[in-house]
Amino acid sequence: MEAEASATTRMNIPYLDLKAVTAQHEEEIQRVVAEVVGSGWYLQGEAVRRFEQHFAEYIGTPYCIGVANGLDALTLTLKAYKALGRIKEGAEVIVPANTFIATVLAITENGMKPVFVDVDEETLEMTTEAVGKAMNRQTGALMMVHLYGRCTYNEQVATLCQEHGILLIEDNAQAHGCKYQERKTGSLGDVGCHSFYPGKNLGALGDGGAVTTDDEELAETLRAMANYGFEKKYVARYQGRNSRLDEVQAAVLDVKLQYLDEDNQKRQDLARTYYNCINNPLVRLPQKMDDKNNVYHIFPVFTEHRDELQAYLQKQGIQTLIHYPIPPHQQQCYAAYNHLQLPVTEKLARQELSLPLNQVMTEAEARYVVSAINSFKKF
């Protein structure tokens, strides 16, 4: 079905209107924030315990540990595994080259070596074959990243990890509510790491993060490490840090968690419009997945004319973003890896453009975006 938009009606479509996202549930959010303020208890209180319980139930794990942000969720997880003797400093950690830099920072901060694996151009994921080739006796973990909201888990990779005694860590920062069969991402590997940055599908009003797991010993270790390493007050079993989800953010997240599936459905409906209606030979869409396997945190398209398309859409009132223009292995802070050649990841970095897609967008706005993209020509 062709998408049509009025040639005379110009829309202004932000990439993501966080004010409108919050306004959806403003009354409930204001109420729970006022309850926290009035309680006089702002850290490690009932709001955090309640959200941890609800999020664990939602993801499908017995344990959830709230932390300060998504990077800390990843970093503390590796740190906890080191303390438990399940991975050693200096171990290799397999990671997709096409990821946000936080995934890699967690590895190097723990004195481990990232092993970058290029991704498939169509699926945007590491292949099972590539992961298998990257494994060796030095491999301690695989960092599986559900980038863009797409589930990257498969049973073949999980079996490889089990056979080699390798930890399977899910970076679930962008895929809250995504599923593999009937299980949620964040419950598929040994541990799931989550970010609640405001722009996420489940976003706080500031930073926040969490770790979900079936492993009681890991959960207890993580909870201590996120609170200075204390196993009880002023008794430090580990060299920890201060990384705690605060009561206000937990209360807000608990409200928004109730609407997450509904919000994801709205994203999936809009994504269907993009897939069905975008028809421009200059613009490539990623391979489509079943809706339950993709919650569309980001809707990426790819074109050799990325900068021209972005400028063209901006003139039509459509804001877009780029995720991510410089891959981690090409960053200055990782100069030791700058020599690596990862052609698909590098091509995606040159060509990726993220279209607006979120729970407060309307169908009419999505069709306006489609019309603008379809009218784009190479100049």
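See above for the structure.
The rules behind the values
- Residues numbered from 1 in each chain as written.
- Predicted model: local features only at pLDDT ≥ 70, side-chain atom pairs only at ≥ 80, totals over all residues.
- Heavy atoms only, no water.
- Axes fitted to C-alpha atoms, helices over the stretch in contact; angles between N-to-C directions.
- Helix = DSSP H or I, 4+ residues; strand = E, 2+ residues; numbered from the N terminus.
- Left-handed = near helix turned anticlockwise from the far one by under 90°.
- Contact = heavy atoms within 4.5 Å.
- Buried < 20%, exposed > 50% of the residue type's maximum accessible area, 1.4 Å probe, protein only.
- Pairing = 2+ DSSP bridges.
- Right-handed = clockwise from strand over helix to strand, strands pointing away.
- Salt bridge = Lys/Arg side-chain N within 4 Å of Asp/Glu carboxyl O.
- Patch = residues over 30% accessible without salt bridge, like charges linked within 9 Å, V, L, I, M, F, W, Y side chains within 5 Å.
- Areas by Shrake-Rupley, 256 points an atom, 1.4 Å probe, with all protein chains shown as cover.
- Disulfide = S-S within 2.5 Å.
- Core = buried A, V, L, I, M, F, W, Y, C linked by side-chain atoms within 4.5 Å.

Please explain the packing of helix α4 (residues 70-83) against helix α8 (residues 216-225) as it appears in this structure.
Two quantities define a packed helix pair, namely the angle between the axes and the distance from one axis to the other. Running from N to C, α4 and α8 cross one another at 115°; their axes reach a closest spacing of 9 Å. In this structure, α4 crosses over α8, and the sense of that crossing is right-handed. In contact with L76, T77, K79, A80, Y81 and A83 of α4, α8 contributes L218, T221, L222 and M225.

Please clarify how the pairing of strand β5 (residues 167-171) should be interpreted in this entry.
Working note: regular strand, side chains alternate between the two faces of the sheet. Here β5 lies mainly inside the structure; five of its five residues are buried. Of the two faces of β5, the one holding L167, I169 and D171 and the one holding L168 and E170 are both buried throughout. Relative to β5, strand β4 (residues 139-145) runs parallel, the two sharing five bridges. Pairing of M143 across the sheet is with I169, part of β5. In this region the chain leaves β4, passes through helix α7 (residues 155-164) and returns to the parallel neighbour β5; the handedness of that crossover is right-handed. Where β5 meets strand β8 (residues 191-195), three bridges bridge the pair, whose relative direction is parallel. When the sheet's bridge partners are listed, I169 is paired in β8 with V191.

Is there a simple way to explain the pattern of salt bridges in this structure?
Side chains that carry opposite charge are capable of pairing whenever their charged atoms lie near each other. As enumerated under the stated definition, the model contains 21 salt bridges in all. Of the charged contacts, one joins K288 and D291 as a salt bridge, the two residues approaching to 3.9 Å between their closest N and O atoms. Given the relative accessible area of 17%, D291 is considered buried. What you see here is one network of salt bridges that share partners, running through D269, R272, K288 and D291.

Looking at this structure, I do not really get a nonpolar patch on the surface. What am I missing?
A cluster of nonpolar side chains, contributed by V37, Y42 and L43, occupies part of the molecular surface with about 280 Å² of accessible area. Structurally, L43 can be placed in the loop between α2 (26-39) and α3 (46-59).

Is there a simple way to think about the state of the cysteines in this case?
Note on terminology: disulfide describes a covalent bond linking the sulfur atoms of two cysteines. Evaluation of the coordinates by the stated rule reveals zero disulfides. No disulfide involves C64; its sulfur sits 11 Å from the nearest other cysteine sulfur, which is in C193. In this structure C64 comes out as buried when scored by relative accessible area, which is 5%.

Got a minute to help me understand the nonpolar core in this structure?
Side chains of a nonpolar character, in soluble globular proteins, are inclined to be buried together. Core analysis: the biggest nonpolar cluster contains 35 residues, and I87, M143 and I169 have the highest contact counts within it. Elements represented by at least two residues in this core include exactly β1 (63-67), α4, β2 (92-96), α5 (101-109), β4, β5, β8 and α8. Looking at this core, the element that brings in the most residues is α4, giving six residues. Aside from chain neighbours lying at most four places away, what touches I169 is T77, L78, Y81, A141, L142, M143, M144, V191 and C193.

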